[in-house]
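A closer look at the structure
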2 protein chains.
Amino acid sequence: MQTIEELLESKNIRVTAMRLLIYKFLAEKDVAVTLSDIENAFEKADRTTLYRTVKTFEEKDIVHQIDDGTGITKYALCEKGCNCEIETDLHLHFHCNNCKETVCLTEHKIPQIKVPDGFVSENVNLVVKGICDKCSGQ
Amino acid sequence: MQTIEELLESKNIRVTAMRLLIYKFLAEKDVAVTLSDIENAFEKADRTTLYRTVKTFEEKDIVHQIDDGTGITKYALCEKGCNCEIETDLHLHFHCNNCKETVCLTEHKIPQIKVPDGFVSENVNLVVKGICDKCSGQ
DNA sequence: CAGTAATTGCACTTCCATTGCATTGATAAT
DNA sequence: ATTATCAATGCAATGGAAGTGCAATTACTG
């Protein structure tokens, strides 16, 4: 169990107040968030700073980007089971058509996808849309 | 074998010169196109008209929208094997990291994706990225 | 404590998607 | 045929998100 400071240092990222706050914000959310979500949570901070902080996290494999088809990029913390740098170890994402939230289904790996001869698969993005557990279970 | 006019009429869309031209343009492309692509092909026409024409086609299941992760919406004609209105009959899309083009792999159906209890799957979007046949086969 | 490099904030730009409104064009009724 | 009606088109403008340049600030190094 390492602290956030230790995590950032291990990735060669300077520890700043802003980064700690943004990391904590992401850590306490169990859904993927947009830049606007972060912006609303930190109205004092500048959009650009938030944008670049998230980009830095992304480069260092602290968060991963999610394209859930809404047209707005979302971000979520990479967790223990999420080896984003390994392209074959991608989990799927679920987008709820009801509450519009997107979650990582980390435990559900993407099955091997066959592509026609001549095509070389390097990466797979799989988004399942439907009704999430919170919205269906009432 | 029906004409384009008959197709449009069967979908209750008025046959106009613009729509015929745009349909033909889409029909002769074997890759998904952006609105800008269409715009470049029809410089005389207004962007809005092209936009709304494609939207109309989309509503009537003549074209389907593709989100290949580039952030730019692409469109492709629904073909015989493409029953877009039937959610369980979705094919996958392939985006080439080399030539940046996106194609529909209509013959490759998406395998059944299991989701956790409580989640209800209604729709699946699968984009495979890599190198396409044209770019790999030289 | 000074010097260097990275981080932050502000202003701006670009690109795509989308809408309002006036005008043109096509269908239906007289 | 002529007009009335409604859809389609074109023009202008807006909005949202992503991204960049530069100056000011903050954090590390010696």
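Residues numbered from 1 in each chain as written. Chains lettered and ligands numbered in written order. Predicted model: local features only at pLDDT ≥ 70, side-chain atom pairs only at ≥ 80, totals over all residues. Heavy atoms only, no water.

Considering the protein's contact with DNA strand C
Close to DNA strand C lie 17 residues; Thr16(A), Arg19(A), Thr49(A), Arg52(A) and Tyr51(B) are nearest. Considering DNA strand C, the proportion of its atoms within 4 Å of the protein that are sugar or phosphate atoms stands at 69%. For DNA strand C, a phosphate oxygen lies 2.8 Å from a polar atom in the side chain of Thr16(A). Elements with a contribution of two residues or more to the surface near DNA strand C: helix 2 (17-28) and helix 4 (47-59) of chain A together with helix 4 (47-59) of chain B. For the surface near DNA strand C, the element with the highest residue contribution is helix 4 of chain B, accounting for 5 residues. Looking at the surface near DNA strand C, its residues break down into 4 nonpolar, 6 polar and 7 charged. (Near = heavy atom within 4 Å. Polar contact = N/O pair within 3.5 Å; in protein donor to acceptor, adjacent residues only side chain to side chain. Helix = DSSP H or I, 4+ residues; strand = E, 2+ residues; numbered from the N terminus. Nonpolar A, V, L, I, M, F, W, Y, C, P; charged D, E, K, R; others polar.)

Describing the pattern of salt bridges
Taken as a whole and assessed by the stated rule, the structure comprises 7 salt bridges over all chains. Residues Asp68(A) and Lys74(A) are paired through a salt bridge, measuring 3.0 Å at the closest nitrogen-oxygen approach. For Asp68(A), a relative accessible area of 0% corresponds to the buried category. The residue Glu39(B) makes a salt bridge to Arg47(B) at a minimum N-O spacing of 3.0 Å. Using a relative accessible area of 24% as the deciding quantity, one classes Glu39(B) as partly exposed. (Salt bridge = Lys/Arg side-chain N within 4 Å of Asp/Glu carboxyl O. Buried < 20%, exposed > 50% of the residue type's maximum accessible area, 1.4 Å probe, protein only.)

As for the sheet that holds strand 3 (residues 74-77) of chain B
Residue and element names in this part refer to chain B. The antiparallel open sheet is built from 3 strands, whose spatial order is 1-3-2. Here the strands that pair on one side only, and so sit at the sheet edges, are strand 1 (33-34) and strand 2 (63-66). Against the sheet, helix 2 (residues 17-28) contacts strand 1, strand 2 and strand 3, and its axis sits at roughly 90° relative to strand 3. Across the sheet, helix 4 lies against strand 2 and strand 3, angled at about 105° from strand 2, the strand it touches most. (Pairing = 2+ DSSP bridges. Contact = heavy atoms within 4.5 Å. Axes fitted to C-alpha atoms, helices over the stretch in contact; angles between N-to-C directions.)

Considerations on the packing of aromatic side chains
With the rule as written, the count across this model stands at 6 aromatic pairs over all chains. A ring pair is formed by Phe119(A) and Phe94(B), whose centres lie 4.8 Å apart and whose planes are at 80°; its orientation type is edge-to-face. With Phe119(A) in the loop between strand 5 (102-109) and strand 6 (120-131) and Phe94(B) in strand 4 (residues 91-96), this residue pair bridges two chains. The same class applies to Phe119(A) as to Phe94(B), namely buried. (Phe/Tyr/Trp six-rings, centres within 6.5 Å; stacked < 30°, edge-to-face > 60°.)

Quick look at the protein's contact with DNA strand D
If you check the shell around DNA strand D, you find 19 residues, and the closest are Tyr51(A), Thr16(B), Arg19(B), Thr49(B) and Arg52(B). Restricting attention to atoms of DNA strand D within 4 Å of the protein, one finds that 64% of them are sugar or phosphate atoms. The contact in question runs from a base oxygen of DNA strand D to an N or O atom on the side chain of Arg52(A), over 3.1 Å. Contacts to DNA strand D include Thr73(A), whose side-chain N or O atom sits 3.2 Å from a phosphate oxygen. Every element with two or more residues in the surface near DNA strand D is listed here: helix 3 (35-41) and helix 4 of chain A together with helix 2 and helix 4 of chain B.

Structural notes on the packing of helix 2 of chain A against helix 4 of chain A
The angle between the axes and the distance between the axes are what describe a pair of packed helices. Residue and element names in this part refer to chain A. In the contact formed by helix 2 and helix 4, the axes pass within 11 Å of each other and the chain directions differ by 70°. As judged from the angle between their axes, helix 2 and helix 4 are roughly perpendicular. The segment helix 2 lies against helix 4, with Met18, Arg19, Ile22, Tyr23 and Leu26 engaging Thr49, Leu50, Thr53, Thr56 and Phe57. Grouping the constituent residues of the contact of helix 2 with helix 4 by class yields 6 nonpolar, 3 polar and 1 charged. (Parallel < 35°, antiparallel > 145°, perpendicular 65-115°, else oblique.)

Section: the interface of chain B and chain A
At the junction of the two partners, chain B supplies 32 residues and chain A supplies 32 residues. Carbon and sulfur atoms make up 64% of the surface buried where chain B meets chain A, a total of about 2,500 Å² over both sides. Between the two partners, chain B and chain A, sit 0 salt bridges. At the junction of chain B and chain A, the tally comes to 13 residue pairs in polar contact (both at pLDDT 80 or more). (Buried area = accessible area lost by both parts, 1.4 Å probe.)

Some words on the relation of the copies chain B and chain A
If you rotate chain B by 179° and push it 0.0 Å along the axis, it lands on chain A with an RMSD of 0.2 Å. Considering both components of the superposition, the chain copies are consistent with a two-fold axis. Among all residues of chain B, the minimum C-alpha distance to the rotation axis is found for Leu126(B), at 2.3 Å. (Least-squares fit on C-alpha atoms with pLDDT ≥ 70 in both.)

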